[in-house]
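# Survey of secondary and tertiary structure
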There are 2 protein chains.
Amino acid sequence: MTILAEPPPHTDTLAHNHQQCVDDALKIADQLCTERGVQLTAIRQQVLALIWESHKAVKAYELLDRIKPLQAAAKPATIYRALDFLLAQGLIHRVESLNAFVGCSCSGHQHEQLLLICKQCEQVEERMAAGVMQVLAEEFRQAGFSAHSKAIEVHGLCRRCSQL
Amino acid sequence: MTILAEPPPHTDTLAHNHQQCVDDALKIADQLCTERGVQLTAIRQQVLALIWESHKAVKAYELLDRIKPLQAAAKPATIYRALDFLLAQGLIHRVESLNAFVGCSCSGHQHEQLLLICKQCEQVEERMAAGVMQVLAEEFRQAGFSAHSKAIEVHGLCRRCSQL
DNA sequence: TTGTGGATGTTATAATATAACTGATGGCAC
DNA sequence: GTGCCATCAGTTATATTATAACATCCACAA
Ligand SMILES: [Zn+2]
Ligand SMILES: [Zn+2]
Ligand SMILES: [Zn+2]
Ligand SMILES: [Zn+2]
């Protein structure tokens, strides 16, 4: 269980205490994997930690570059396998419109999420948006469609960037 | 202005008269481009017609293969340029979660759309879903987020495929 | 004529993702 | 212990998706 030691250079440190975000995410991941009897191996944890270096969505090959100091042998498959695992466990989300990945900020409970993606600062805000999901469900019902998975992604300017 | 002559082999002919879909789409595209003073060139129209061969989302390289009988010199850039044009004119939509493209069934009026994507028959149904958009807008407002573009895509089973 | 802008041709390469096979580890039945 | 199995990771190769950069062509206008 190796965790990155240094304050990561990629973090866009905002007003909030981001280290707390990282610590929480790793702790929850650990708990959850134990409960489920699946293995949060060193590589998987490192990838998760790298994704959590900021609230930006991260590309697979960016992760590959960043993990190399820790895993010299890393290849694309190394990353994609870890991503598959983390996605399956609901610990990260795939941002379809960016071909990128972001940490799940409500890990532990299954949920559908709305992703608000800032064009300026690139941070991704995840919202449960229960109201949206409910209205969506009504829309499916009318269409006779049974939903299995959803990608609800909105690009624009976040509050901070709108105010600049 | 060459239009495909043969009934296309890719079309998943349903109960509806799909030739009507195609004819309408091409006619509207033609009108719209004229109004806007942009050129719906032969290549662009052929790509649009190929996309409309069915209600499935089509991949760029699939289009490249299919256009070669008509445009022997076609290369990736040929297709991507046509797609860029058609996207800019709102004549097609990009399906982010599939890296694929589908004809817009409400061409002419700007709109945001919900895409219902069937895992079984692969057809994509486009819905205006005004109610969903309204609730979404309320969600942004609360988050202080100003939206520029949206990708709202749901995978599942369409009515027909659910009933099988 | 001579440029100008838009469209396309052409070549090369970047970026994203998966397949397929190999080897290593550790638990567990026998 | 031995053999077996499942899981994970290493490795090589390749498939798929997308863009960059520069050349050419042509219609049209100054
Ligand atoms: Zn944070
Ligand atoms: Zn922002
Ligand atoms: Zn049709
Ligand atoms: Zn279907």
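Thresholds, definitions, all that
Throughout, residues of each chain are indexed from 1 in the direction in which the sequence is written. Chains and ligands are labelled by the order in which they are written, letters from A for the one and numbers from 1 for the other. The model is predicted, so local features are restricted to residues of pLDDT at least 70 and side-chain atom pairs to those at 80 or more, both for listing and for counting; the totals for chains, interfaces and linings are taken over all residues. Side-chain metrics in this entry use all non-hydrogen atoms of the structure; hydrogen atoms and water are not considered. UniProt positions are given in the numbering used here, feature names are shortened, and annotations may be inferred rather than shown by experiment. Contacts were defined at the residue level, with two residues in contact if any of their heavy atoms lie within 4.5 Å. For any pair of parts, buried area is found by adding up, for both, the accessible area (1.4 Å probe) each one loses once the two are put together. Under the rule applied, a polar contact is a pair of N or O atoms within 3.5 Å (in protein, one hydrogen donor and one hydrogen acceptor; residues adjacent in sequence only if both atoms are side-chain atoms). Helix and strand definitions here come from DSSP, where helices need a minimum of 4 consecutive H or I residues and strands a minimum of 2 consecutive E residues; each element is numbered from the N-terminal end. Gly counts as polar in this scheme, as do all residues outside two lists: the nonpolar Ala, Val, Leu, Ile, Met, Phe, Trp, Tyr, Cys and Pro, and the charged Asp, Glu, Lys and Arg. Being paired, for any two strands, means DSSP has found at least two bridges between them. Nearness of a residue to a molecule or strand requires only that one of the residue's heavy atoms be within 4 Å of it. Atoms of type N, O and S within 2.8 Å of a metal are treated as its donors, and for Na, K and Ca the window is 3.2 Å; water is not considered, so some sites may appear to be missing partners. Working rule for geometry: tetrahedral if four donors all subtend angles between 85 and 135 degrees; square planar for four, octahedral for six, if opposite donors exceed 155 degrees and the others stay between 65 and 115; irregular in every other situation. Residue exposure (1.4 Å probe, protein chains only): buried if accessible area is under 20% of the type maximum, exposed if over 50%, otherwise partly exposed.

Taking an unreviewed UniProt entry as the reference, chain A is identified by name as Fur family transcriptional regulator belonging to Methylovulum psychrotolerans. Reading the Sequence similarities (unreviewed entry) entry of the UniProt record for chain A gives the comment "Belongs to the Fur family."

Tallying the contact residues gives 36 residues for chain A and 36 residues for chain B. Around 3000 Å² of area is buried between chain A and chain B when both sides are counted, 58% of it from carbon and sulfur atoms. At the junction of chain A and chain B, the tally comes to 20 residue pairs in polar contact (both at pLDDT 80 or more). When residues of the side of chain A that touches chain B are traced back to their parent elements, those giving at least two are β3 (114-118), β4 (124-127), α5 (130-143), β5 (146-157) and α6 (159-163) of chain A. Take the side of chain A that touches chain B: its biggest share by element is twelve residues, from β5(A). Looking at the side of chain A that touches chain B residue by residue, the classes come out as 17 nonpolar, eleven polar and eight charged. As judged from the eleven bridges shared by β5(A) and strand β5 (residues 146-157) of chain B, these two strands associate in the antiparallel manner. Considered in β5(B), the bridge of A:Gly156 is made with B:Ala147.

Around DNA strand C, a shell composed of 15 residues is seen, among which A:Lys59, A:Tyr61, A:Arg94, B:Thr41 and B:Arg81 lie nearest. What you see for DNA strand C is that sugar and phosphate hold 48% of its atoms within 4 Å of the protein. One of the side-chain nitrogen or oxygen atoms of B:Arg81 is found 2.5 Å away from a base oxygen of DNA strand C. Per-element accounting of the surface near DNA strand C gives the leading share, three residues, to helix α4 (residues 76-88) of chain A.

Let us look at the coordination of the zinc ion (ligand 1). Six octahedral donors at a metal ideally form angles of 90 or 180 degrees, and four tetrahedral donors ideally form angles of 109.5 degrees. All names here are of chain A. Here the zinc ion (ligand 1) is held by His 16 (NE2), His 18 (ND1), Cys 21 (SG) and His 55 (NE2), and the distances to it run 1.9 to 2.2 Å. Classification of the site at the zinc ion (ligand 1) as tetrahedral follows from its four donor atoms and the range of 101 to 119° in their angles at the metal. Spacing between the donor residues of the zinc ion (ligand 1) along their common chain follows H-x1-H-x2-C-x33-H. Here His 16, found in the segment before α1 (18-36), pairs with His 55, found in the loop between α2 (42-51) and α3 (60-67); they are 39 residues apart in sequence, far enough to count as distant. Residue classification places His 16 among the partly exposed positions, given a relative accessible area of 27%.

As paired strands, strand β3 (residues 114-118) of chain B and β5(B) are joined by five bridges and run parallel to one another. Within β5(B), the residue paired with B:Leu114 across the bridge is B:Ile152.

Another aspect to go through is the coordination of the zinc ion (ligand 3). All names here are of chain B. Taken together, the protein donors to the zinc ion (ligand 3) comprise His 16 (NE2), His 18 (ND1), Cys 21 (SG) and His 55 (NE2), at separations of 1.9 to 2.3 Å. Viewed at the metal, the four donor atoms of the zinc ion (ligand 3) are separated by angles of 100 to 118°, and the geometry they form is tetrahedral. In primary sequence terms, the donor set of the zinc ion (ligand 3) follows H-x1-H-x2-C-x33-H.

Another aspect to go through is the protein's contact with DNA strand D. In the region of DNA strand D, 15 residues are neighbours, and A:Thr41, A:Arg81, B:Lys59, B:Tyr61 and B:Arg94 sit closest. For DNA strand D, the fraction of atoms within 4 Å of the protein that belong to sugar or phosphate moieties is 48%. Within the contact set of DNA strand D, a phosphate oxygen lies 2.7 Å away from a side-chain nitrogen or oxygen of B:Arg94. Secondary structure elements with two or more residues in the surface near DNA strand D: α2 and α4 of chain A together with α4 (76-88) of chain B. Tallying contributions element by element places α4(B) first for the surface near DNA strand D, with three residues. When grouped by side-chain class, the residues that make up the surface near DNA strand D number six nonpolar, three polar and six charged.

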